[in-house]
Amino acid sequence: MNNNPTLPREHLHHLRIGFTANLVVAASVGAYGSVLGLLAAQKGLTWFQLLIMNLSVFAGSAQFVMVDMWFPPLPIMEITLAVLIINMRYLLIGASLNPLFEGKALYQKILFIHLVADENWAITMARFHKTTTSIWFLLGGGICVQAAWCSGTILGHRLGAVISNPEQFGLDFSFVAVFTALVFSFWKGRQDLLPWLVAATVAIVSESLLPGKWYIVCGGISGALVAAFQPVKPEGRTDD
Amino acid sequence: MINLTPEQATWLTIFCAATITYSLRLSGLLLAGRLPKTGRFKKFMDALPGTILLSLIVPAAIGAGPIGWLATALTGLCSLKTGNVFVSMLVGIVIVAAGRWFGL
């Protein structure tokens, strides 16, 4: 099985197929990235500041909220807290990647985890149970998504003057559209019905009751709790 | 409070956001190793990807109005039937764009 150290050639192959597998999603990442670029240009961020933000933060919805809150003097604490809340899911996303990183060196974890976005994570996890995948596949996807994200946002920033009303072209909806298209790759069957209903309901209710983006964490956790505790086989044990 | 120039404030904000985000990514991965890998906890973790994405979408989709609802429903249906993410996404965007074009 794994007696020989894996050849760099195989890593490269996985890097490539990971990149290719994410191209389709990357197109939509670029599309909503262009909307972020337009907004950022209006808020007075330079293309270079935006580029550094893309490379270092690399989280779509959080960056949208950051730019949304971008009024001088910058509310640094509030923005940081908002980013913490929106990106709380990365704690769970990181944890869900643990099986993929099983037996990998710490430096690989430290390096590879940075290029984990919703999109390449979703595509890697969707493959995880069906066929072989690896951290190199994940990284290939990350590079692809990062490249699309940077190109899209910078393009949007540069074309800021040309497209003055991106809403008219439905570009602001691309965020919802891409995640809606992605979510069904996680549908495993009837057993998901109740957890998904609960997640959606809790998300709607907490979105109207709580500030910020807490609803994402609330909905996600409640749905997953239902999945964990719904009876599949008769079980008497409830201890943990 | 220390007085920052707008330039400094910009970089500090980006730095804070980046540090927070990276810390969450890495600590999730590192802490998961100390958590149980079977039973309820595993079911919980397995269900999370779907429920988090769903929680991200639903309020945004509802806020998008009737055309947005139609677009979301057809995007989801298309994704479920074809498994093609790009085509499904395009369906949603085209419907919303068309709706706005006709002033719906």
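Residues numbered from 1 in each chain as written. Chains lettered and ligands numbered in written order. Predicted model: local features only at pLDDT ≥ 70, side-chain atom pairs only at ≥ 80, totals over all residues.

## Examining the overall build of chain B
- For chain B, the helix and strand inventory stands at four helices and zero strands.
- A total of 104 residues make up chain B; the buried ones form 43% of that total. (Helix = DSSP H or I, 4+ residues; strand = E, 2+ residues; numbered from the N terminus. Buried ≥ 20, exposed ≤ 12 C-beta atoms within 10 Å, placed from the backbone.)

## Quick word on the overall build of chain A
- When you go through chain A residue by residue, the secondary structure sums to 12 helices and zero strands.
- Start at the N end of chain A and walk to the C end: the helices and strands fall as α-α-α-α-α-α-α-α-α-α-α-α.
- Residues classed as buried in chain A amount to 50% of the 240 residues present.
- Summarising the internal contacts of chain A: among those between residues at least 6 apart in sequence, 78% fall at separations of at least 24. (Contact = placed C-beta atoms within 7 Å.)

## Observations concerning the interface of chain A and chain B
- Opposite the 76 residues of chain A that make contact, chain B presents 60 residues.
- Among the residues forming the side of chain A that touches chain B, the class breakdown is 55 nonpolar, 16 polar and five charged. (Nonpolar A, V, L, I, M, F, W, Y, C, P; charged D, E, K, R; others polar.)

## Brief notes about the nonpolar core
- Among the nonpolar cores identified, the biggest contains 106 residues, and V176 and F179 of chain A together with L53 and I57 of chain B are the most heavily contacted of them.
- Setting aside anything within four residues of it in sequence, one finds L53 of chain B in contact with F179, L182, V183 and F186 of chain A. (Core = buried A, V, L, I, M, F, W, Y, C linked by C-beta atoms within 7 Å.)

## Looking at the environment of I216 of chain A
- Note that I216 of chain A resides in helix α12 (residues 214-229).
- Residue I216 of chain A is classed as buried on the basis of its C-beta count, with 28 C-beta atoms lying within 10 Å.
- For I216 of chain A and A200 of chain A, which are 16 residues apart along the polypeptide, the C-alpha to C-alpha distance reads 9.5 Å.
- Residues in contact with I216 of chain A, not counting those within four places in the same chain, are I86 and R89 of chain A together with I52, S55 and L56 of chain B.

## Here we look at the packing of helix α1 (residues 8-21) of chain A against helix α9 (residues 135-158) of chain A
All names here are of chain A.
- One way to put it is that α1 packs onto α9 with a least axis distance of 6 Å and a crossing angle of 45 degrees. Comparing the axis directions of α1 and α9 gives the class oblique. Handedness of the crossing formed by α1 with α9: right-handed. Across the interface between the two elements, H11, H14, L15, R16, I17, G18, F19 and A21 of α1 pack against W136, F137, L138, L139, G140, G141, I143 and C144 of α9. (Axes fitted to C-alpha atoms, helices over the stretch in contact; angles between N-to-C directions. Parallel < 35°, antiparallel > 145°, perpendicular 65-115°, else oblique. Left-handed = near helix turned anticlockwise from the far one by under 90°.)

## Let's talk about the confidence of the model for chain B
Residues and elements named next belong to chain B.
- Mean pLDDT for chain B: 86, with 94% of residues reaching 70 or above.
- The least confident element of chain B is helix α2 (residues 39-62), whose mean pLDDT is 83; the most confident is helix α1 (residues 6-32), at 94.
- The complex prediction reports pTM at 0.70, with the ipTM value standing at 0.74. (pLDDT = per-residue confidence, 0-100.)

## Considering α1 of chain B
- Here α1 of chain B contains 27 residues, and its C-alpha end-to-end distance of 39 Å stays within 8% of the 39 Å for a straight helix at 1.5 Å per residue.
- For α1 of chain B, the set of buried residues is T10, T13, I14, A17, I20, T21, L24, R25, G28 and L29 of chain B.
- Its buried side turned inward, α1 of chain B meets α3 (47-56), α4 (60-68), α5 (76-86), α6 (89-96) and α7 (106-112) of chain A. (Expected span 1.5 Å × (residues − 1).)

## Structural notes on unusual backbone geometry
Residues and elements named next belong to chain A.
- Look at the link from P72 to P73: it is a cis peptide, with omega at -5 degrees.
- Mapping P73 onto the fold places it in the loop between α4 and α5.
- Phi is positive for F58, which is not a glycine, with a value near 50 degrees.
- Take F58: it is sitting in the loop between α3 and α4.

## Regarding the packing of helix α11 (residues 193-209) of chain A against α12 of chain A
Residue and element names in this part refer to chain A.
- Where α11 contacts α12, the two axes come as close as 7 Å, and the packing angle between them is 155 degrees. When the axis of α11 is compared with that of α12, the two are roughly antiparallel. Between α11 and α12 lies a crossing of right-handed hand. Only W214, Y215, C218, G219, G220, S222, G223, A224, V226 and A227 of α12 make contact with α11, whose side of the interface consists of L194, P195, W196, V198, A199, A200, V202, A203, S206 and E207.
- Looking at the contact of α11 with α12, its residues break down into 14 nonpolar, five polar and one charged.

## Details of the environment of C218 of chain A
Residue and element names in this part refer to chain A.
- Along the chain, C218 falls in helix α12.
- Looking at C218, the number of C-beta atoms within 10 Å reads 19, which means it is partly exposed.
- Through-space distance from the C-alpha of C218 to that of E207 is 9.1 Å; in sequence the pair is 11 residues apart.
- Setting aside anything within four residues of it in sequence, one finds C218 in contact with V202, A203 and S206.

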